[in-house]
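Listed here are the chains, written in short residue letters.
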Amino acid sequence: MSSVLAAETLIPLTVRERKALILDHASLIDVIHIADKDLHRTYKYAKVISAIAPAYFEYQIAQDKQNGSVLESDIQSQLISTKTDKFADDFIDWLKADFEKKSAILDDHPNPQNLFELCGAKLLVTSNSVTRSLSTKMGRLWEEITNISPYVIIPEFEFGIKIKGVDITLLTEESIKFAQLKTLKGTLTGSQRDRAKKELGIHDNPFFIAAFDLGKWTFNDPNIPRIAGKAFWEQIHMDYNLVESHVRNMLQKIDRAFTELAAK
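Since this is a predicted model, take the numbers as computed values, not measurements.

A. Fine view of the side chain of Asp167. Among the secondary structure elements, Asp167 is positioned in the loop between helix 7 (155-159) and strand 2 (168-171). Given a relative accessible area of 12%, Asp167 falls into the buried group. Of the polar contacts made by the side chain of Asp167, one reaches the side chain of Lys162; its length is 3.4 Å. If sequence neighbours within four positions are ignored, Asp167 has contacts with Glu143, Ile154, Pro155, Lys162, Ala179, Gln180 and Leu181.

B. Main features of the packing of aromatic side chains. Summed over the entire model, instances satisfying the criterion amount to nine aromatic pairs. Summarising the aromatic geometry, the rings of Tyr56 and Phe159 are spaced 5.3 Å apart at their centres and angled 75 degrees between planes, so their arrangement reads as edge-to-face. Taken together, the residues span a long stretch of sequence, with Tyr56 in helix 3 (residues 40-66) and Phe159 in helix 7 at a distance of 103 residues. Across the pair, Phe159 and Tyr56 agree in class, each one buried. Between Phe99 and Phe258, the aromatic rings sit 5.6 Å apart at their centres with planes inclined by 70 degrees, giving edge-to-face as the arrangement. Highlighted residues: Phe99 in helix 4 (residues 73-108) and Phe258 in helix 10 (residues 240-263), separated in sequence by 159 residues. With a relative accessible area of 16%, Phe258 lands in the buried category. An aromatic cluster of at least three residues, connected via ring pairs, comprises Phe87, Phe91 and Trp94. Cation over ring: Lys177 sits above Phe207, and NZ or CZ is 5.2 Å from the ring centre.

C. Expanded view of the side chain of Glu158. Looking at the element boundaries, Glu158 is found in helix 7. Here Tyr56 takes part through its side chain, which lies 2.6 Å from a polar atom of the side chain of Glu158. The residues contacting Glu158, other than those within four sequence positions of it, are Val15, Arg18, Tyr56, Gln60 and Ile153.

D. Representation of the pattern of salt bridges. Within this structure, the stated rule accounts for nine salt bridges. Taking the shortest distance from any N to any O, the salt bridge between Asp204 and Lys47 comes out at 3.1 Å. Of the two residues, Asp204 sits in the loop between helix 8 (190-200) and strand 4 (206-210) while Lys47 sits in helix 3, which places them 157 residues apart along the sequence. Residue Arg140 is joined to Glu156 by a salt bridge in which the shortest nitrogen-to-oxygen separation is 3.3 Å. With Arg140 in helix 6 (residues 122-146) and Glu156 in helix 7, the pair connects residues that are 16 residues apart, well separated along the chain.

Rules behind the numbers
Residues numbered from 1 in each chain as written. Predicted model: local features only at pLDDT ≥ 70, side-chain atom pairs only at ≥ 80, totals over all residues. Heavy atoms only, no water. Helix = DSSP H or I, 4+ residues; strand = E, 2+ residues; numbered from the N terminus. Buried < 20%, exposed > 50% of the residue type's maximum accessible area, 1.4 Å probe, protein only. Polar contact = N/O pair within 3.5 Å; in protein donor to acceptor, adjacent residues only side chain to side chain. Contact = heavy atoms within 4.5 Å. Phe/Tyr/Trp six-rings, centres within 6.5 Å; stacked < 30°, edge-to-face > 60°. Lys NZ or Arg CZ within 6 Å of the ring centre and 35° of its normal. Salt bridge = Lys/Arg side-chain N within 4 Å of Asp/Glu carboxyl O.

Pasting the structure below:
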């Protein structure tokens with residue numbers, strides 16, 4: 001397997017070509033010991049990626065050092081800023097469209113669906129969907145920011161493969177870990193927590209990550225290590241202070257746009 005799926009072979013290929021090779025090899029993996037049939041495909045994908053990951057990481061890190069490391073403070077800051085600026089601009093565009101839609105409902109809808117619509121409370125009609133959408137969309141943003149680091153592989157980005165319950169694969173001093181990445185320590189509800197334990201538990205080195213060390217943990221499993229905030233970003237050799245600074249600027253920009261729209 002390793003001779004066919006060496007990092008040097010995979011990296012020049014398109015994502016579609018990489019995916020085809022991984023799917024071909026995944027079909028050979030034995031899953032008889034995995035009780036949950038819904039996780040058979042997930043386990044197969046992870047096993048193939050586990051086999052190629054050491055060489056893939058080695059190649060990424062070597063290339064990064066050759067080309068002016070993305071982990072240098074100025075370069076890292078610029079790359080994070082590019083992602084957070086784009087996120088803010090895209091979300092503000094969505095915000096403007098959402099406000100127009102909600103305003104039309106308040107102006108034209110003869111049958112209000114809730115108390116806020118009945119009372120013409122534009123900001124209250126909009127605020128719940130805004131915060132919900134913002135929280136959902138930011139999950140993808142954390143993946144994109146971590147992907148700056150050569151110590152991270154996002155299976156969906158690199159191979160076109162979504163591993164159920166796994167957002168990122170990272171190289172640490174101890175091992176290669178398959179991890180679920182959330183915004184806060186208290187993100188998961190009870191049912192989500194149980195599902196995360198089941199999905200992560202099939203991997204040899206599972207990891208649960210909160211991008212920011214905020215709130216109280218709602219995820220707890222003695223067999224699945226967890227990490228939050230600065231300690232996580234340091235593991236992938238990124239500067240947490242830079243991440244927090246750019247995210248703060250991003251959310252303040254979105255907040256100002258929201259305030260301006262609400263005042264119209």
